[in-house]
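Results of the structural survey
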Amino acid sequence: MTMIASEPGEHAARPPSAPARWRGWLLDRASLLIPCLMLLALLAVYGSMREGVFTLDELNLDTAAAMTLMLAATGQTIVLLRGGIDLSIGGMISLGTVIAATQFGDGGATTLLWSVLIVLLGAVVGMLNGALITVLRLQPFLVTLATWSILAGTALIILPIDGGSLPSGWMAFGSGSWLGLASPVWLLILLLAFWFWFKRTRTGIAIKATGSNERSAFLSGVSPLAINLWTYGLSGVFAALAALYLTTQTGAGSPTIGKDYILPSVAAAVIGGISLFGGRGGLVGTIIGAYILTIIGNLVFVLSISSYWQPIASGVILLIAVLASSLAEKSSRRNLS
Amino acid sequence: MPDFLEALSVAKRYGGIVALSDATLKARSGEVHALLGENGAGKSTFIQILAGAVRADSGSITLGGERFAVRNPEEAQRLGVAAVFQELSLIPDLTVAENIFFRREPLSPLRTARAGAMREATAELFARYRFPAIRPDQELRRLTLAERQVVEIAKALARDPRVLILDEATSALAPRETEWLLGLSRDLAAEGKLVIYISHRLGEVRRIADRVTVFRNGATVAAYDTASVDDDTIIADMLGRQMERLYPERRNTTTGRIALSVKGLSVENRLADLDLDLREGEVLGVAGLQGHGQRELFQALFGAARASGAIEVWGKPRTIRSPRDALSGRDGLALVPEDRRNHGLLLAKSVRENLTLSVVKRFTRFGLTDPKREAKLVDDMIAQLRIKAGSPEQAAGTLSGGNQQKVIFGKMLLTDARILLLYDPTRGIDVGTKGEIFTLMRDLAARGYAILFYSSDLAELVHVADRVAVLRYGRLAAILEGAENSEHQILRAAMIDTRAA
Amino acid sequence: MNLARHRSILFAYLGLILLLVVTGLVAPGFLSPTHFRSLAVLAAFIGIVALGQTFVVIGGGIDLSVPWVLNAAAVLMTLFAHGQDAPLVWIVPLLLAAGTLVGVVNGLGVGLFGVPPIIMTLAVNVILQGGILVYTGGAPPATAPAAIQFLAVGRIAGFPVIVLLWIVLAIVATLLLSKTAFGRYLYAVGSSATVAEFSGVPTLRTSVAAYALSGFTAALAGMLLTGYSGQAYLGMGDPYLFTSIAAVAIGGASILGGSGHYVGTIAGALVLTVLTGLLPALNLSNGALLVVYGAVILVTVALASEALTDLLPRRRARRIS
């Protein structure tokens, strides 16, 4: 016998002890447990400051307030799972509100038509991002930075300042309710239903797999172009939906409003335990992250301190969340090796 | 019985490099067929062609009497050829079952993957082939490398292939799993499948293979019934006649001075209480089966792994917490790392920048780098090591493997460290460069360097090292020198418990 | 110097020249010395902020905290100085040090705790934003001291002071990148932190230094910018997030790190500024400017893409073999 195997190898498996397995289980789920605990803590504080926090009304209000961010962050979550990032949703949201505010008219068929067109536009723009990233092998950050600028510019050209008008029926969407739950809550339920369906489809699995290990996914037959078209296309669709929802709340088009959702959408996802390196996390975490960011706003309000504290609190929460999950990640990796 | 798989005169070139010139392999269904050859003999290219990952330039392949010309892995799999490569194709964040059925998930009417069905099918597959205990719903990243290897095998088997190719599949496995895989290969053959088995371990090959085909330099040189051929013949076929020219004359240049002394070195549970002395002018070999602590030893000495124990360098106690601590000039330690591309070289940067990365301070005056001094260092090293690069500005990643390794050697020598840690420095390198590296090692030893040298190729240790330290389960099993330093004795010490004696 | 390896920088300058030629044709008055001088002043602000950003990007990171480091320095400077020159003696060094310190925090978060750069610097940015808002109550006061105004809009022998300052900084940055151990280390860390670590490069120190430099230049630009606009105001840093990254990208650096040069970023800053100045001359709106910005970024990064090289007939393959 001349040679000993030449591949680098690790040690043979040794089954972990029971406490270690428990620890592993916890560390594995740390990225979702941390935001849950944070939200509970925030709610506890909020609930102790004000009455009626644990009622359906509060849920309806908070969900209505958070829904734009939730929709935008849903797209971002899918992109982050893939291991990318999408800054262009800012431009798409602005453009969506502007088109809606200038084209919807008095309601009825035109509204429906233009709503569909806006969503289609989101899909096309997103797929364009995906195609550029794949075919020219460009960085998602730069490509979507550029398309963000292009979309935001287009929005400004269409409507230089906030304005336009929306049909009154359209704006009544937020005030609708059924079984005590306001329409945004039903929207959220739909969103979660979509997610639990989508993440189990072959495409959903492939997106997560590609973010987890691109090379392995391709070796297993995943097409990079198809995956990026899906990923960024969906992100564009959700940005468009965010824009449509936003107009039901503001009743106007705003060519600059989208930028307020770019980084918060990433923040909500990251607070919710999504890894920027791809493959880890899910929409439930992101939704919790969006609620956390919204409740912070409420808290600042009831504490009757300056609203300027809100960004500070968001930033600190973001850092705590990401530090905690990166530490958990580290010790979980040490557990493994 | 007619041959089920017949590959005739298959050839493949990558740019100017000939990977395969004349590969021929004939194998029947119902047999385990071993494919043997040195690193770089063309085995990998050949099986990648079979698996559809690479397309042949010429030659003909038939499978079950029909022409076999596939363009991608999917097609190969559809025709019943599944391969388990050394590079795993698994997804860390999916479960075991999801990995096994990735891209082929059974779907519900809602087009979602049926998790329960996948788990059951996985459990069934595991039971049918008596797989080692792995939970189908566990996430892959929680598994050890050995378990992942097993999952990769399951992924291939789940497609119920007619031909299963196993490329060094046992290299990451522990003895018990290795036993299982050997048994599995026999069982599959008994079911009428063809198993193509690639391994460096002749012992395994002898136990399970019905026939062997030997590759050398991209061509088939021999094919035998395993029972009718002895090991020496196979080895001679694999090596050709290059043996004598490969290794330089070994003169003992060891002095009495101890360059590196290690006492009670431990790394987690991988390396336990190791004592070792490396002397000036000595090449000390390190041997052991895969994963018995060699890597941890090198990492610990270079400050890349946390370790406990005492280290003395040139007679002085030293604490080495980072590579930066290790690379402290003439009294330091320099490493040729195992993973050339991820640890050794900045592939996109020039040969010059790579060579001098660890010694920028040497040509910095008043805070500014001096291009002339740098050029001198670089030119000298390129000349000394005969690095074949168009110019010092050529990107390191565009060099051949052998020349990349020379750049790493040059980078290490420029640091002036006189204790060198060489981890498998000849892996995947052409024979000519191997010879140059061995000559260089002996020259350096003669000039008073102290060299710690791990190789996965035992022959290298026997022919180049003065003494060989054999590790077994993270402990020093033996130190062999003189007549004792033979492949036979090394393997004995690596595989058989000698501590009791 | 090997031109092929700096191809992307070359593209940036070719683009700039092309842009200037086109500008000269469509708007003849545009390139008059006076107008060009005012463009150079504007470019200097982008160039100074993008200096630190260039270092961070070469090191494989990104600094999103630029806007509010800049804004904080501007606001605090006017607040502390009350329009007086004398206190600047301690204010300027103090705020430069504070900006540097913010960078150090960024660098430690990224290098020591493994927080992704986007998240770390984003969080620091919003915390600074909130902090300044709380501190000023949302209404920053006061005008910029005369000395600062001189630095921003003054001239020495007809030459804008800030452009002179920019030139000095550019020389320092170029020396740092091309001629020092720090520069070597930075490129190495950006190419592969693991290889750098195995080569004995002080990786943590190197990346912290890059972020620190970015904090420093953002703070410096913030103070100078108050001199230009005569006062500090909230939100004045916001445009510089986009422009600093855009200048770096147009200048040919890979956002993945390990490549690029400040020399390229200078071209990037000039391209952005000329575009800003050109579009009003053509009666185009702000929206059109954003569209053009986006298109320019796309085209330049696409031109620098390896994929494009693969699609073109090449001489490179022969050189490799």
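Numbering of residues begins from 1 in every chain and follows the order in which that chain's sequence is written. As a convention, the first chain written is A and the first ligand written is 1, with the rest following in written order. Reporting in this predicted model follows two pLDDT cut-offs: at least 70 for local features of residues, and 80 or more for side-chain atom pairs to be given and counted; totals over whole chains, interfaces and linings ignore these cut-offs and use all residues. Calculation of side-chain values draws on the structure's entire complement of heavy atoms; hydrogens and water are dropped beforehand.

1. Brief notes about the overall build of chain C
Summing up its helical and strand segments, chain C has 15 helices and two strands in all. Taken over the C-alpha trace, chain C has a radius of gyration of 20 Å; the compact-globule value for 321 residues is 20 Å, and the two agree within 12%. Projecting the C-alpha coordinates of chain C onto the three principal axes gives extents of approximately 65 × 55 × 35 Å. For chain C, contacts bridging at least 24 residues in sequence account for 77% of all contacts bridging at least 6. We count a stretch as a helix when DSSP gives it H or I for four or more residues in a row; a strand needs E for two or more, and each element gets its number in order from the N terminus. Only the C-alpha atoms count toward the radius of gyration. The rule for a globule is 2.2 Å times the residue count to the power 0.38. What makes two residues a contact is simply this: any of their non-hydrogen atoms within 4.5 Å.

2. With respect to helix α4 (residues 88-111) of chain C
Residues and elements named next belong to chain C. Every helix has an expected span of 1.5 Å times one less than the residues it contains. The end-to-end C-alpha distance of α4 is 33 Å, a good match for the 34 Å that 24 residues give at a rise of 1.5 Å each. Exposure categories follow from relative accessible area, calculated using a 1.4 Å probe and restricted to protein chains: below 20% of the type maximum is buried, above 50% is exposed, and the middle band is partly exposed. Those residues of α4 not exposed but buried are L88, I91, L95, L96, G99, V102, G103, N106, G107, G109 and V110. Lining the buried residues of α4 we find α3 (66-81), α5 (117-136), α6 (146-153) and α10 (203-229).

3. Here we look at the nonpolar core
Within this scheme, the nonpolar core is defined by two criteria: the residues are buried Ala, Val, Leu, Ile, Met, Phe, Trp, Tyr or Cys, and they are joined through side-chain atoms within 4.5 Å. Judged by nonpolar contacts, the single largest core of 246 residues is most densely connected at F141 of chain A together with I153 of chain B. For this core, the element with the highest residue contribution is helix α2 (residues 33-58) of chain C, accounting for 15 residues. Setting aside anything within four residues of it in sequence, one finds F141 of chain A in contact with I85 and L87 of chain A together with I62, L64, I118, I245 and I255 of chain C. Grouped together as the second largest cluster of nonpolar side chains are 95 residues, L246, A287, L297 and M441 of chain B included.

4. Observations concerning the side chain of E75 of chain B
All names here are of chain B. Relative to the helices and strands, E75 resides in helix α2 (residues 73-78). A residue is classified by how much of its surface remains accessible, and E75, at 17% relative accessible area, is buried. Those residues within four positions of E75 in sequence are excluded, and the remaining contacts are A69 and V70.

5. A few points about the packing of helix α8 (residues 181-191) of chain C against α10 of chain C
Geometry of a packed helix pair, given as the angle between the helix axes and the separation of the axes. Residues and elements named next belong to chain C. Every axis corresponds to a line fitted to the C-alpha atoms, with the helix fit spanning only the stretch in contact, and the corresponding angles, defined between N-to-C directions, vary from 0 to 180 degrees. The interhelical angle for the contact between α8 and α10, taken along N-to-C directions, is 100°, at an axis separation of 9 Å. The angle between α8 and α10 places the two elements in the roughly perpendicular class. Contacts from F182, Y185, L186 and V189 in α8 reach T203, T206, A209 and A210 in α10. Classifying every residue of the contact of α8 with α10 gives six nonpolar, two polar and no charged. By definition in this entry, angles of less than 35 degrees are roughly parallel, angles greater than 145 are roughly antiparallel, angles of 65 to 115 are roughly perpendicular, and the rest are oblique. For this classification, Asp, Glu, Lys and Arg are treated as charged, while Ala, Val, Leu, Ile, Met, Phe, Trp, Tyr, Cys and Pro are nonpolar and the rest, including Gly, are polar.

6. Comments concerning the packing of helix α11 (residues 238-250) of chain C against helix α13 (residues 286-304) of chain C
Residues and elements named next belong to chain C. At a closest axis distance of 9 Å, the pairing of α11 and α13 adopts a crossing angle of 30°. Relative to α13, the element α11 lies roughly parallel. Here α11 and α13 pass one another in a crossing that is left-handed. Facing α11, whose interface residues are F242, A246, A249 and I250, α13 presents Y293, V296, I297, T300 and V301. Here the contact of α11 with α13 is built from residues that sort into eight nonpolar, one polar and no charged. Handedness of a crossing is defined here by the sense of rotation of the near helix relative to the far one, left-handed for an anticlockwise turn of less than a right angle and right-handed for a clockwise turn.

7. Observations regarding the interface of chain B and chain C
Of the residues lining the interface, 32 residues belong to chain B; the matching set on chain C comes to 25 residues. Buried area is a sum: the accessible area each of two parts loses on coming together, probed at 1.4 Å, counted once for each and added. Summing the contributions of chain B and of chain C, the shared interface buries around 2300 Å²; its carbon and sulfur component is 56%. The term salt bridge refers to a side-chain nitrogen of Lys or Arg lying within 4 Å of a carboxyl oxygen of Asp or Glu. Between E374 of chain B and R184 of chain C there is a salt bridge; the shortest N-O distance is 2.7 Å. The residue inventory of the side of chain B that touches chain C, partitioned by class, reads 13 nonpolar, eleven polar and eight charged.

8. Overview of a nonpolar patch on the surface
Without a salt bridge and with relative accessible area above 30%, a residue can belong to a patch; like charges are then joined within 9 Å and nonpolar side chains (Val, Leu, Ile, Met, Phe, Trp, Tyr) within 5 Å. A 1.4 Å probe and the Shrake-Rupley method give the accessible areas. Residues count as covered only by the protein chains that appear here. Together, L368 of chain B together with F150, L151, I156, F159, L164, I167, I171 and L175 of chain C give the surface a local cluster of nonpolar side chains, amounting to about 730 Å² of exposed area. Put simply, the parts of the chain that give the nonpolar patch at least two residues each are α6 and α7 (161-179) of chain C. Examining the composition of the nonpolar patch, we find that four residues originate from one element, α7 of chain C, more than from any other. As for its position among the elements, I156 of chain C is in strand β1 (residues 155-156).

9. Observations regarding the environment of E87 of chain B
Turning to its location among the elements, E87 of chain B is positioned in the loop between β6 (81-84) and α3 (96-100). Judged by relative accessible area, E87 of chain B falls into the partly exposed class, the value being 39%. Separated by 261 residues in sequence, E87 of chain B and A348 of chain B have C-alpha atoms that sit 23 Å apart. With residues up to four places along the chain from it excluded, the contact list for E87 of chain B reads R215 and L219 of chain A.

10. As for the packing of aromatic side chains
Two rings belonging to Phe, Tyr or Trp (six-membered ring only in the last case) form a pair when the distance between their centres is within 6.5 Å. Interplanar angles under 30 degrees mark stacking, angles over 60 mark edge-to-face geometry, and anything in between is tilted. The full count for this structure, using the stated rule, is 17 aromatic pairs over all chains. Residues W178 of chain A and W186 of chain A carry aromatic rings whose centres are separated by 5.0 Å and whose planes lie at 45° to one another, so their mutual orientation is tilted. Their ring planes at 65° and their centres at 5.3 Å tell us that F45 of chain C and Y228 of chain C sit as a pair that is edge-to-face. With F45 of chain C in helix α2 and Y228 of chain C in helix α10, the pair connects residues that are 183 residues apart, well separated along the chain. These aromatic residues form a ring-pair network of at least three members: F194, W197, F198 and F238 of chain A. A ring is considered to have a charge above it if a Lys NZ or an Arg CZ atom is located within 6 Å of its centre and within 35 degrees of its normal. A cation over a ring is seen here: R103 of chain B above F102 of chain B, with NZ or CZ 5.8 Å from the ring centre. Here the guanidinium or amino end of R418 of chain B rests over the ring plane of W314 of chain B, the centre of that ring lying 4.5 Å away.

11. Here we look at the sheet that holds strand β15 (residues 316-318) of chain B
Residue and element names in this part refer to chain B. Strand order in the open sheet formed by four strands is β12-β11-β14-β15, and the pairing between neighbours is antiparallel. Only two strands of the sheet have a single partner each, and these edge strands are β12 (271-279) and β15. Along the sheet, successive strands turn relative to each other by an average axial angle of 15°, direction set aside. Where strand β14 (residues 308-313) meets β15, three bridges bridge the pair, whose relative direction is antiparallel. Across the sheet, residue V313 finds its bridge partner in β15, namely K316. What makes two strands pair is DSSP finding at least two bridges between them.

12. What to know about helix α4 (residues 115-128) of chain B
Residues and elements named next belong to chain B. An ideal rise of 1.5 Å per residue puts 20 Å on 14 residues; α4 measures up with 20 Å between its terminal C-alpha atoms. Listing the buried residues of α4 in full gives M118, T122, L125 and F126. In a view along the axis of α4, the buried residues occupy a sector of 100°, so they form one face of it. Residues of α4 that are exposed and angled more than 90 degrees away from the buried face: E120, E124 and A127. Packed against the buried residues of α4 are α3 and α5 (145-157). Backbone geometry just after α4 places R130 at a positive phi near 50°. Of all possible arcs, the one meant is that of the directions from the helix axis to the C-beta atoms.

13. Remarks on the confidence of the model for chain A
Residues and elements named next belong to chain A. For chain A, per-residue confidence averages 86 on the pLDDT scale, and 91% of positions sit at 70 or higher. Along the chain, pLDDT gives the predictor's confidence residue by residue, from 0 to 100. Helix α10 (residues 224-250) holds the highest mean pLDDT among the elements of chain A, 95, whereas helix α13 (residues 309-336) holds the lowest, 78. Confidence drops under pLDDT 50 across residues 1-15; counting only partners more than four residues distant or on other chains, this segment forms 54 contacts.

14. Considerations on the sheet that holds strand β16 (residues 333-336) of chain B
All names here are of chain B. In space, the six strands of this open sheet follow the order β16-β19-β20-β13-β21-β22, with mixed pairing throughout. On the outer flanks of this sheet lie β16 and β22 (475-481), each paired with one strand and no other. Adjacent strand axes in the sheet meet at a mean angle of 20°, parallel and antiparallel pairs treated alike. Inspection of the sheet shows strand β13 (residues 283-287) paired to strand β21 (residues 467-472) by four bridges, in the parallel sense. Counted as the bridge partner of L284 is R467 from β21. On top of the sheet, helix α15 (residues 401-414) reaches β16 and β19 (419-423); it is set at about 175° to β16, its chief contact.

15. With respect to the pairing of β12 of chain B
Residue and element names in this part refer to chain B. Taken together, the six bridges between strand β11 (residues 258-267) and β12 define a ladder with antiparallel strand orientation. The residue bridging L260 from the neighbouring strand is L278, located in β12. What sits between the antiparallel neighbours β11 and β12 is a turn of three residues, in which E268 has the positive phi angle 40°.

16. Digging into unusual backbone geometry
Despite not being glycine, F366 of chain B shows a phi value in the positive range, around 50°. Structurally, the position occupied by F366 of chain B is in the loop between β17 (364-365) and β18 (368-369). For A157 of chain C, which is not a glycine, the phi torsion comes out positive at approximately 50°. Turning to its location among the elements, A157 of chain C is positioned in the loop between β1 and β2 (159-160). Look at A157 of chain C and you get exposed, because its relative accessible area is 83%.

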